[in-house]
Amino acid sequence: MSDEAGSSAHEAYDSDAYDCVVIGAGPAGLSAALNLTRARQRVLVVDSDRPRHAATMLSHGFLTRDGVPPHELRRIAREELERYPEAEILRRSTVDRVERDHDRDEAGGAHAGAHPFTVRISGRTAAGARVVRSRTVVVATGLRETLPALPSIRAYYGMSLFSCAACDGYEQGEGPVALIGETDDLFARALLVGQWSSTVTVFTNGVASLTAHEESELGDRGIRVERRVIDDLEGERGAIAAVRLFDGERIPVTGGFVRPLWHPIVGFLADLDLDTDASGHLVTDRDGRTSLAGVYAAGDVAAPGPQQLIVAAGAGARAAAIITHDLLGVTTAH
């Protein structure tokens, strides 16, 4: 065998070379990885094991999995993926940086089998660090959220206080519901929550601005606005019972929603200079392509939309199909 042939064989079986590195192992990332693996692509999934929905007891709206705990959904998905020899999952690992090798990219490009992306990964220990190369990258890291600074809010979050009305509104509709937020979109959020409950109180915590017209429109729909500052929340064993205002008044509630501040997790992509929107979400086309060829995004890290597990999983599957086509350099209707 010639040196050239030997080099080619080594490239084909390079343990650190992948067709796609999927960063993030929520529904979007695991769905993308499963569908890419079934297209016989070699896939590495980097899983930090720190999902945003870790506090949520039950997930809803996912066909055939309604009411399943999110961690169970992730466990089942990982087990299904790991049945395929083309798939590898790095648990409790994070991506420090993604770099693009312009020389390698120009020399071959994705269609020729080049691996233009270098992904630097940290594990729990120094021994777990890896540097791998990939033809493509899927970013599915989701969001980091900041909740209003109330002392006890974490004791109820995910059990009787939620952020997604579409996900958890059905279970909250029988009693008085709180909507707590400090953002400029609180009016729109209140209209959404009003779809699921006939007794809603919007708490601005003395921060969020609602115009007199918006407050009047909410009032016409039976939604009360409370502008006073919140002292804390009350309840037992994760079940919220009241919002206690700073002046001591207690407003009874049996459930509620909170509007967090969301921060897309994209800092490790700084070297790629990808296009983002005003909120920091990655800008993509309808198929998940970012502004840099070979880099795709799926789920909540991309331009905002419904934050439901099934929507994220669908976005991951769509991105996988497009990657398979792009790597071949073909365009088909389906």
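Residues numbered from 1 in each chain as written. Predicted model: local features only at pLDDT ≥ 70, side-chain atom pairs only at ≥ 80, totals over all residues. Heavy atoms only, no water.

Colleague: Any chance you could explain the sheet that holds strand β14 (residues 250-252) here in plain terms?
Modeller: Remark on secondary structure: sheet strands pair via backbone hydrogen bonds, oriented parallel or antiparallel. Read from one edge of the open sheet, three strands run β12-β13-β14, paired in antiparallel fashion. At either margin of the open sheet sits one strand with a lone partner, and together these are β12 (230-236) and β14. Shown here is a sheet whose adjacent strand axes are inclined to one another by a mean of 30°, direction ignored. As paired strands, strand β13 (residues 239-245) and β14 are joined by three bridges and run antiparallel to one another. Bridge pairing in β14 places Val243 opposite Ile251. (Pairing = 2+ DSSP bridges. Helix = DSSP H or I, 4+ residues; strand = E, 2+ residues; numbered from the N terminus. Axes fitted to C-alpha atoms, helices over the stretch in contact; angles between N-to-C directions.)

Colleague: How should the packing of helix α2 (residues 27-38) against helix α3 (residues 70-82) be read in this particular structure?
Modeller: Axis angle and axis distance: for two packed helices, these are the angle between their axes and the distance between the axes, and together they describe the pair. Packing of α2 against α3 leaves a shortest axis separation of 10 Å and a crossing angle of 20°. By the criterion of interaxial angle, the relationship of α2 to α3 is roughly parallel. The two elements α2 and α3 meet at a crossing, and its hand is left-handed. Mapping the contact onto sequence places Leu30, Ala33, Leu34 and Thr37 in α2 and Arg74, Ala77, Arg78 and Leu81 in α3. Grouping the constituent residues of the contact of α2 with α3 by class yields five nonpolar, one polar and two charged. (Parallel < 35°, antiparallel > 145°, perpendicular 65-115°, else oblique. Left-handed = near helix turned anticlockwise from the far one by under 90°. Contact = heavy atoms within 4.5 Å. Nonpolar A, V, L, I, M, F, W, Y, C, P; charged D, E, K, R; others polar.)

Colleague: Would you take a moment to explain a nonpolar patch on the surface for this structure?
Modeller: A surface patch of nonpolar side chains, amounting to about 260 Å² of accessible area, comprises Leu63, Ile310 and Val311. A relative accessible area of 35% places Val311 in the partly exposed class. (Patch = residues over 30% accessible without salt bridge, like charges linked within 9 Å, V, L, I, M, F, W, Y side chains within 5 Å. Areas by Shrake-Rupley, 256 points an atom, 1.4 Å probe, with all protein chains shown as cover. Salt bridge = Lys/Arg side-chain N within 4 Å of Asp/Glu carboxyl O. Buried < 20%, exposed > 50% of the residue type's maximum accessible area, 1.4 Å probe, protein only.)

Colleague: It is not clear to me how the nonpolar core should be interpreted in this structure. Could you clarify?
Modeller: Considering soluble globular proteins, one finds that nonpolar side chains tend to be buried as a cluster. Grouped together as the largest cluster of nonpolar side chains are 25 residues, with contacts concentrated most on Val98, Val139 and Leu269. Breaking this core down by element, the ones donating at least two residues are β1 (17-23), β2 (43-47), β4 (94-100), β5 (117-122), β6 (130-139) and β17 (295-297). When near neighbours in sequence (up to four residues on either side) are disregarded, Val98 contacts Ile23, Phe117, Thr118, Val119, Val137, Phe268, Leu269, Asp271 and Leu272. Ala25, Ala32, Ala87 and Ile89 belong to the second-largest nonpolar core, a separate cluster that totals 22 residues. (Core = buried A, V, L, I, M, F, W, Y, C linked by side-chain atoms within 4.5 Å.)

Colleague: Teacher, can you tell me more about the environment of Leu192 here?
Modeller: On the secondary structure map, Leu192 appears in helix α7 (residues 186-193). Under the relative-accessibility criterion, Leu192 is labelled partly exposed at 45%. A sequence separation of 27 residues divides Leu192 from Ala165, and the C-alpha atoms of the two residues are 7.1 Å apart.

Colleague: Would you explain the side chain of Arg78 in this entry?
Modeller: Topologically, Arg78 is positioned in helix α3. Given a relative accessible area of 10%, Arg78 falls into the buried group. Excluding its chain neighbours within four sequence positions, the residues that come into contact with Arg78 are Leu30, Asp47, Asp49, Ile89 and Arg91.

Colleague: What should I look at first to understand the environment of Arg83 in this one?
Modeller: Looking at the secondary structure, you find Arg83 in the loop between α3 and β3 (87-91). When the C-alpha atoms of Arg83 and Leu34 are compared, they prove to be 10.0 Å apart, with 49 residues separating the residues in sequence.

Colleague: For this particular structure, what's the right way to read the pairing of strand β7 (residues 143-146)?
Modeller: Strand residues, when the strand is regular, have side chains that alternate between the two faces of the sheet. Residues Leu143 and Glu145 line the buried face of β7, whereas the alternating positions Arg144 and Thr146 sit on a face that is not buried. When β7 meets strand β16 (residues 261-264), the two strands line up antiparallel, connected through four bridges. Within β16, the residue paired with Arg144 across the bridge is His263.

Colleague: It is not clear to me how the packing of α7 against helix α8 (residues 212-220) should be interpreted in this structure. Could you clarify?
Modeller: One way to put it is that α7 packs onto α8 with a least axis distance of 11 Å and a crossing angle of 5°. Between α7 and α8, the angle is such that the two are roughly parallel. Listed contacts from α8 to Phe187, Ala190 and Leu191 of α7 are Glu214, Glu217 and Leu218. The class makeup of the residues in the contact of α7 with α8 is four nonpolar, no polar and two charged.

Note that all results are geometric; they support no functional claim without further evidence.
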